[in-house]
Amino acid sequence: MTHSSSHQRLMTGAEIFVRSLVEEKVDVVFGYPGGAVIGIYDALHDISDIKHILTRHEQGAVHAAEGYSKASGRPGVALVTSGPGATNTVTGIADAYMDSIPIVVFTGQVALKLIGNDAFQEADIVGITRPITKHNYLVRDVNELAATIKEAFYVATTGRPGPVLVDLPKDVMASKAVFSYPKSVKLRSYQPHTEGHQKQLSKAAELIAKAKRPVLYVGGGTILSGASEELTAFARATGIPVTTTLHGLGAFPESDELSLGMLGMHGTWYSNTAVHYSDLLIAVGARFDDRVTGRTDAFAPEAKKIHIDIDPSNISKNVKVDVPIVGDVKTVLKQLTPMVKPLDTKDWVRTIRAWKEEHPLRYRNGKEVRMQHVIQTLSGLTKGNAVMVSDVGQHQMWMAQFFNYMLPRTHLTSGGLGTMGFSLPAAMGAAFARRDIPVISVSGDGGFQMNIQELATIREHSVPVKIIILNNGYLGMVRQWQQLFWRKRYSHVEMFGPDFVKVAEAYGIPGFRATQTAEVEETLRRLLDTEGPALAEFRVMKEDNVYPMIPAGQTYNEIMDVPEATEEEQGERLELVTIAKG
Amino acid sequence: MTAAEQEQDPQVHKHTISVLLENKFGALNRVAGMFSAKGYNLESITVGPTEDESVSRMTIVTTGDDAIIEQIIKQLNKLIDTLKVVDLTYESFMERELALIKVSTSADTRSEIMQIAEIFRAKIVDISHKTMTVEATGSGQKVDAIIKMLKPFHIKELARTGRVALKREFVGDV
Ligand SMILES: Cc1ncc(C[n+]2csc(CCOP(=O)(O)OP(=O)(O)O)c2C)c(N)n1
Ligand SMILES: [Mg+2]
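Residues numbered from 1 in each chain as written. Chains lettered and ligands numbered in written order. Predicted model: local features only at pLDDT ≥ 70, side-chain atom pairs only at ≥ 80, totals over all residues. Heavy atoms only, no water.

Student: What exactly am I supposed to notice about the overall build of chain A here?
Tutor: A tally of regular secondary structure across chain A gives 24 helices and 22 strands. For chain A, whose C-alpha radius of gyration is 25 Å, the value lies close to the compact-globule estimate of 25 Å for 582 residues. Along the three orthogonal principal directions, the C-alpha set of chain A runs to about 75 × 60 × 40 Å. By the burial criterion, 61% of the 582 residues in chain A qualify as buried. Of the contacts made within chain A by residues no fewer than 6 positions apart, 77% connect residues no fewer than 24 positions apart. Accessible area for chain A stands at about 22,600 Å²; split by element, carbon and sulfur atoms hold 50% of it. (Helix = DSSP H or I, 4+ residues; strand = E, 2+ residues; numbered from the N terminus. Rg over C-alpha atoms; globule rule 2.2 N^0.38 Å. Buried < 20%, exposed > 50% of the residue type's maximum accessible area, 1.4 Å probe, protein only. Contact = heavy atoms within 4.5 Å. Areas by Shrake-Rupley, 256 points an atom, 1.4 Å probe, with all protein chains shown as cover.)

This is how it looks when you write it as structure tokens:
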């Protein structure tokens with residue numbers, strides 16, 4: 001390591017910590033103080049370069065760091081105390097691990113000599129988080145602190161990104177050393193390679209040249225690598241249609257004729273159909289997750305498969321592929337694009353167009369508010385120019401379906417872990433990173449109550465988050481499964497909720513409510529037009545289901561589309577609304 | 001798959017994997033934790049320093065079909081502290097394991113046990129009126145064999161180190 005900015009003055013670990021964050025150009029830290037980090041908080045008090053945001057729960061701090069990172073591409077930072085402060089970060093860390101989000105979490109720890117003694121507020125957080133971090137560290141010597149912090153940011157943000165935890169014993173942070181921040185890091189044991197292998201690229205180009213029914217299957221890795229432009233150029237140059245995963249939404253503009261929208265369990269009928277009949281599937285920064293493939297042996301059965309991924313362990317993990325290319329998506333696409341020629345996909349695209357017309361996304365609209373309608377209206381009002389942060393449940397799937405994503409880093413969701421309670425704090429974090437476009441948090445009535453406390457943080461800092469609650473009075477997604485697969489035995493899914501508008505007002509946040517379809521657009525306009533934070537609750541239809549659906553572990557042949565209208569529904573003369581991507 | 005089923009599956013083979021890691025706090029935990037988190041079989045794991053103080057060598061004996069072994073190697077490589085992973089199974093390699101076997105003895109059986117030890121080039125390292133302890137070194141198979149031979153005398157206590165292995169430079173028998 002080469003060192004720069006060496007100051008001969010001795011500094012405490014706490015001061016070194018703060019100075020290191022400044023060197024990393026960290027502008028905001030989400031955190032919560034306590035006994036083990038009181039020295040660090042004392043050092044933070046004097047620093048004007050770093051804004052510290054006191055969340056109301058450590059889980060909120062980690063999700064905020066995730067939201068900040070997802071929206072900006074820069075690493076998010078959280079700082080918490082030992083013991084309960086540290087254990088409260090576990091869900092957020094696991095979430096970041098599953099979704100490959102670069103964050104660095106700093107935890108206080110009891111003094112070195114007390115470790116292992118069941119000391120007050122001691123928890124073995126390094127042990128607890130070992131399987132859910134990309135890497136973690138216990139700093140045992142103040143002389144190693146700066147280098148460890150440098151390494152933590154480096155590991156979090158390079159290769160396949162992920163969360164890194166640094167545990168900081170109280171005595172280490174109080175002892176003194178000369179501060180010298182390394183300029184660069186070189187680890188002999190960790191050197192992710194970003195360039196695709198030439199031989200593999202040639203093989204891929206050959207397969208592409210021969211393809212008649214190719215599909216690009218694009219995942220979150222494309223967005224993480226900042227490769228949306230390269231991907232869009234590649235798709236347009238070759239004429240290959242694009243479907244994205246939940247995390248890939250925004251990597252390719254959904255208004256493009258080549259767009260198929262999302263694939264998988266709740267993907268569009270036509271994207272799953274196209275993948276099923278494709279003869280070449282090019283996975284780009286996607287990992288053949290079970291929510292995408294269903295039963296793996298029946299997934300894209302006729303297709304040759306090319307897989308571009310930075311993580312070698314993702315290759316042939318779930319599905320055997322013909323041509324793996326290990327490397328950074330952006331670099332690999334830059335290498336591959338000049339090696340391919342435009343394909344004649346006119347017939348294929350025409351077939352897909354017919355499928356889109358036959359089986360668009362659709363719902364029956366009526367007087368009662370439909371979540372789909374709220375989201376579709378929002379898509380129209382914002383024209384895709386907003387950071388949409390969803391929670392987990394039915395609304396999350398409809399957000400993926402009925403909003404037209406146009407830009408990378410505008411769809412933030414907890415995809416891998418599926419963490420209810422993600423949306424509100426993540427949107428808050430995103431709003432610290434992006435002030436140029438609106439940040440909109442959308443939750444169900446269930447998930448919203450899991451991190452509801454962050455309303456206080458949002459209010460305190462007037463964070464301009466627009467908060468939407470789609471209230472169906474149910475843990476809707478679980479209810480849907482109970483209805484479809486458990487003989488409609490609704491076990492513990494109906495639930496009481498508070499008056500959300502009054503809750504908002506209690507926190508000093510303006511609140512609006514819509515209870516009928518006719519009020520939806522006006523309510524959304526008021527929400528979007530309000531300065532600073534605002535909340536809108538939509539009382540929506542209680543028992544509506546997300547379609548299309550391929551039930552878990554099943555195949556394309558079991559796809560369920562929106563059922564025919566019941567007699568009752570026919571009597572209501574509901575309006576059939578359809579939308580197709582592209 | 002249960003262990004019994006795995007044993008019968010012709011696709012499943014035993015592999016000896018050698019891993020060089022940064023000699024850092026918690027390295028063994030990372031590897032062992034990865035095996036249990038991913039549900040991989042871990043037959044034995046040994047760790048110790050190498051000629052370079054900053055590097056540890058871990059020798060892992062595991063079983064799995066080709067796809068599982070491929071994942072195990074990738075997951076080992078994925079650990080930030082991993083310097084090198086070699087599946088020795090496809091190479092010519094030396095392997096040794098050490099066992100201490102404490103056997104019940106009486107005046108009648110003592111000489112028979114000593115004969116068995118001699119055949120296996122094992123050593124007697126402890127003796128009392130009622131017991132004898134045999135130190136056996138060799139391949140896992142050899143250690144298995146001596147244990148089998150000593151079983152009828154009643155093994156009171158047994159300790160095995162697990163396998164250590166290195167790639168051969170000279171190809172052939174030494
Ligand atoms: C922390 C957590 N607990 C439980 C679940 C399981 N789960 C998945 S979706 C869901 C229902 C969510 O209900 P709500 O937030 O009201 O959203 P809706 O499905 O009604 O849109 C539940 C309980 C989860 N994903 N996360
Ligand atoms: Mg709900």
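Anyway, onward from the coordinates.
Student: Is there a simple way to explain the site of ligand 1 in this structure?
Tutor: All names here are of chain A. Taken together, 18 residues lie around ligand 1, and Gln394, Gly418, Asp445, Gly447 and Gly476 are the ones closest in. Between an oxygen atom of ligand 1 and a side-chain N or O atom of Asn472, the distance comes to 2.9 Å. Within the contact set of ligand 1, an oxygen atom lies 2.8 Å away from a backbone nitrogen or oxygen of Gly476. Considering ligand 1 on its own, with 590 Å² of exposed area, one finds that the protein chains cover 76% of that surface. Looking at the shell around ligand 1, the elements that each hand over two or more residues are α17 (394–402), α19 (445–448) and α21 (476–485). For the shell around ligand 1, the class distribution of residues is eight nonpolar, nine polar and one charged. (Near = heavy atom within 4 Å. Polar contact = N/O pair within 3.5 Å; in protein donor to acceptor, adjacent residues only side chain to side chain. Nonpolar A, V, L, I, M, F, W, Y, C, P; charged D, E, K, R; others polar.)

Student: Teacher, can you tell me more about the coordination of the magnesium ion (ligand 2) here?
Tutor: Protein coordination of the magnesium ion (ligand 2) is provided by A:Asp445 (OD), A:Asn472 (OD1) and A:Tyr474 (O), with donor distances spanning 2.1 Å. Overall, the relative accessible area of 6% leaves A:Tyr474 in the buried class. (Donors = N, O, S within 2.8 Å, 3.2 Å for Na, K, Ca; no water.)

Student: Mind showing me how you'd approach the domain arrangement of chain B here?
Tutor: Residue and element names in this part refer to chain B. Domains assigned within chain B are domain 1 (3–87) and domain 2 (94–167). Taken over C-alpha atoms, the centre of domain 1 sits 27 Å from the centre of domain 2. At the interface, seven residues of domain 1 touch six residues of domain 2. Counting the surface domain 1 buries against domain 2, the share from its top three residues, Thr16, Thr46 and Thr59, is 54%. In this structure, the connection of domain 1 to domain 2 is made through zero salt bridges. (Domains from an automatic or database assignment. Buried area = accessible area lost by both parts, 1.4 Å probe. Salt bridge = Lys/Arg side-chain N within 4 Å of Asp/Glu carboxyl O.)

Student: Looking at this structure, how should I read the nonpolar core?
Tutor: Nonpolar side chains tend toward joint burial in soluble globular proteins. Residue and element names in this part refer to chain A. Counting residues in hydrophobic clusters, the biggest one holds 61 residues, and the most contacted among them are Leu281, Met388, Ile468, Leu470 and Phe538. If you tally residues by element for this core, the top one is α17, at five residues. If near-sequence neighbours (up to four positions away) are discounted, Leu281 is found in contact with Val215, Tyr217, Val275, Phe288, Phe299, Ala300, Ala303, Lys304, Lys305 and Ile306. (Core = buried A, V, L, I, M, F, W, Y, C linked by side-chain atoms within 4.5 Å.)

Student: Sorry if this is basic, but what is going on with the interface of chain B and chain A here?
Tutor: Note: interface size is frequently given as the accessible area lost on complex formation between the parts. With 18 residues of chain B at the interface, the matching set in chain A holds 20 residues. Together chain B and chain A conceal approximately 1,600 Å² of surface at their shared face, both sides included; 48% is due to carbon and sulfur atoms. In this structure, B:Lys78 and A:Asp311 form a salt bridge, with 2.8 Å as the shortest nitrogen-oxygen distance. Taken together, the connections running from chain B to chain A amount to nine residue pairs in polar contact (both at pLDDT 80 or more). Among the secondary structure elements, those contributing two or more residues to the side of chain B that touches chain A are α2 (27–38), α3 (66–78) and β4 (82–87) of chain B. A total of five residues in the side of chain B that touches chain A trace back to one element, the largest contributor, which is α3(B). Along the lines of polarity and charge, the residues of the side of chain B that touches chain A split into four nonpolar, six polar and eight charged.

Student: I would appreciate a short explanation of the sheet that holds strand β2 (residues 44–49) of chain B in the present structure.
Tutor: Two modes of strand pairing occur in sheets, parallel and antiparallel, and in both the strands are linked by backbone hydrogen bonds. All names here are of chain B. Within the open sheet, the four strands sit side by side as β2-β3-β1-β4. Their pairing is antiparallel. Lying at the two open borders of the sheet, with one neighbouring strand each, are β2 and β4. Strand-to-strand, the axes of this sheet are offset by a mean angle of 15°, without reference to chain direction. Pairing analysis gives 10 bridges linking strand β1 (residues 13–22) to strand β3 (residues 55–64), with the strands arranged antiparallel. Pairing of Ile17 across the sheet is with Ile60, part of β3. This element, α2, spans β1, β2 and β3 of the sheet and lies at about 15° to β3. (Pairing = 2+ DSSP bridges. Axes fitted to C-alpha atoms, helices over the stretch in contact; angles between N-to-C directions.)

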